Structures are given as C-alpha cells and as structure tokens.
Amino acid sequence: MTARGALAVRGADRIAAAGLLALGVAFSAGALRYYDYWGPNGPGPAFLPFWLGLIMAVLAALLLVKAIRSEDPGEEWLPRGDSLRRLFLVLAATIAFVALLQVVGMILGTVLFLIVVVRFLDRHPWPLTIAVALAVAGVNYLVFTFWLRVPLPVGVLGF
C-alpha cells in the first residue's frame, strides 16, 4: 500500500476514534447533567450511562493513540468483492427487519432475519439455521415478553 493509502486508512481510524471519543464524553456529561448519579437508595439513573460513556471514551482514546502511533497501514477499510456483497446483504436484511416489524412482529421477524443471515450469509445447513432462529426468537420472547413484560411488536399473525 502506498504512503497515501496508509494515511487514508489511518485517517479513517483517527476520525472514527475522535468521533467515538466525543460521543463517549458527551454521553457521560449528559448523564450527569440531566440525571442524579446517586440517590438515597444507591446508584441513580445516571450511574450506568455515566460509566458506559466513560468506558467508551477511554477505549476510543486508546484507539486514537494507536492510530496516531501506528506506521502499519492496516487492512483496507472499505470492503471489496464478496465482503461488500455480505455487508449489503446484512444491511438490506436489517432494513427489511425494521421496516416489516409492525407487520410480522418481533418474534417472527427475528426468525426471518436470522434465517436470512445464518442460511444465506453464513451458508449453514437448514436444520442448524432453523434451530438457531427458533432458539433466539424463543429466548427473546422469554426474556422480554414473559419475564420483563416488555410489549414487543405483534404482527398480523398475533405473535
């Protein structure tokens, strides 16, 4: 890779790291500004967002330092060929999942999304594909609908 190509790759790393660092700091600061960090009974609503933002900022700072110090050009940051096709397939499946969520519901939508990703992207056999899709959708249902009582979108089929 040419020196200009290496600069472009490391430049992308630097921009991404700087953006993530700014988001992490803003997330932590916003948590402290709008919510209480500690309440009479322990951690308040700002506790978790503050620490998540702080961890994100520290990791982004480490990435930024690594990108600045590195002389290794690294891999190309824009996928090509089959990798680009796989990226677009995941993006298209995700957009379809979100767009059809109100029609098919969360449980069936999860099954369909995972069938597309596991079978057509990773090319796993049908029995494994169906087992993974049903298991993940079942865990989603048990955790969110049954245990936490979160009202997930229900499709026209009633689930």
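For the structure itself, look to the data block above.
As the structure is a computational prediction, the values presented were derived from the model and not from experiment. (Residues numbered from 1 in each chain as written. Predicted model: local features only at pLDDT ≥ 70, side-chain atom pairs only at ≥ 80, totals over all residues. Heavy atoms only, no water.)

Caption draft 1: Quick look at the overall build of the chain. Across its full length, the chain carries six helices and two strands. Relative to its full complement of 159 residues, the chain shows a buried share of 23%. Counted over contacts in the chain with a minimum sequence separation of 6, partners at least 24 positions apart contribute 57%. Only carbon and sulfur atoms are counted for the fraction: they give 73% of the accessible area of the chain, which is about 11,200 Å². (Helix = DSSP H or I, 4+ residues; strand = E, 2+ residues; numbered from the N terminus. Buried < 20%, exposed > 50% of the residue type's maximum accessible area, 1.4 Å probe, protein only. Contact = heavy atoms within 4.5 Å. Areas by Shrake-Rupley, 256 points an atom, 1.4 Å probe, with all protein chains shown as cover.)

Caption draft 2: Expanded view of the nonpolar core. If you look at the biggest cluster of nonpolar residues, it comprises six residues: Ile-107, Val-111, Leu-114, Ile-115, Ala-133 and Ala-137. For this core, the secondary structure elements donating two or more residues are helix 5 (106–121) and helix 6 (126–147). Per element, the largest residue contribution to this core is four residues, and it comes from helix 5. The contact partners of Ile-107, leaving out residues within four places of it in the chain, are Ala-137, Tyr-141 and Phe-159. (Core = buried A, V, L, I, M, F, W, Y, C linked by side-chain atoms within 4.5 Å.)

Caption draft 3: Geometry of the packing of helix 3 (residues 82–99) against helix 5. Helix 5 packs onto helix 3 with a crossing angle of 170° between their chain directions and a minimal axis gap of 10 Å. With respect to helix 5, the axis of helix 3 lies roughly antiparallel. The residues of helix 5 that touch helix 3, namely those facing Arg-86, Leu-89, Val-90, Ala-93, Thr-94 and Phe-97, are Met-106, Gly-109, Thr-110, Phe-113, Val-116, Phe-120 and Leu-121. Tallied by class, residues from the contact of helix 3 with helix 5 come to nine nonpolar, three polar and one charged. (Axes fitted to C-alpha atoms, helices over the stretch in contact; angles between N-to-C directions. Parallel < 35°, antiparallel > 145°, perpendicular 65-115°, else oblique. Nonpolar A, V, L, I, M, F, W, Y, C, P; charged D, E, K, R; others polar.)

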